[in-house]
Amino acid sequence: MSTPTGDEFKAEVEAELELAEASDPARAAAQPVSGWLFDPAEAEAEEVELRNLLGAAEALESGPRSGGRNLGEGA
């Protein structure tokens, strides 16, 4: 298994986010529990996690922020 490049990773996260958005958890929550194909609360949480992951990938892509410290620097 190979490690995806930054662009491949971002594209994969965007595709997963599109699927999560298409699941429409609000509509599913309006149906009886017996008709759920997924838990709407879990779908919303996954969408939030994917948005956070996408934001982190974009932040890494844009490079280091000014005024920040590198991980290897002492206190």
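Higher on the page you've got the structure.
Residues numbered from 1 in each chain as written. Predicted model: local features only at pLDDT ≥ 70, side-chain atom pairs only at ≥ 80, totals over all residues. Heavy atoms only, no water.

Novice: Describe the nonpolar core, listing the residues and the values that go with them.
Specialist: Counting residues in hydrophobic clusters, the biggest one holds five residues: Val-13, Leu-17, Ala-20, Leu-50 and Leu-54. For this core, the secondary structure elements donating two or more residues are α1 (6–22) and α3 (40–62). It is α1 that contributes the most residues to this core, three residues altogether. Residues in contact with Val-13, not counting those within four places in the same chain, are Leu-50, Leu-53 and Leu-54. (Core = buried A, V, L, I, M, F, W, Y, C linked by side-chain atoms within 4.5 Å. Buried < 20%, exposed > 50% of the residue type's maximum accessible area, 1.4 Å probe, protein only. Helix = DSSP H or I, 4+ residues; strand = E, 2+ residues; numbered from the N terminus. Contact = heavy atoms within 4.5 Å.)

Novice: Lay out the environment of Asp-7 in plain terms, naming residues and giving numbers.
Specialist: Mapped onto the fold, Asp-7 is located in helix α1. Taking the C-alpha atoms as reference, Asp-7 lies 9.8 Å from Glu-58; in sequence the two are 51 residues apart.

Novice: Describe the pattern of salt bridges, listing the residues and the values that go with them.
Specialist: The tally for this structure, following the rule as stated, stands at five salt bridges. Put simply, Glu-21 and Arg-51 hold a salt bridge, and the shortest N to O gap is 2.5 Å. Placement of Glu-21 in helix α1 and of Arg-51 in helix α3 is noted, with a sequence separation of 30 residues between them. Among the salt bridges present, the one from Asp-24 reaches Arg-27, with a minimum N-O distance of 3.5 Å. Asp-24 gets classed as partly exposed once you look at its relative accessible area, which sits at 31%. Here Arg-27 falls in the exposed class, since its relative accessible area comes to 52%. Linked by salt bridges that have partners in common, Lys-10, Glu-58 and Glu-61 make up one network. (Salt bridge = Lys/Arg side-chain N within 4 Å of Asp/Glu carboxyl O.)

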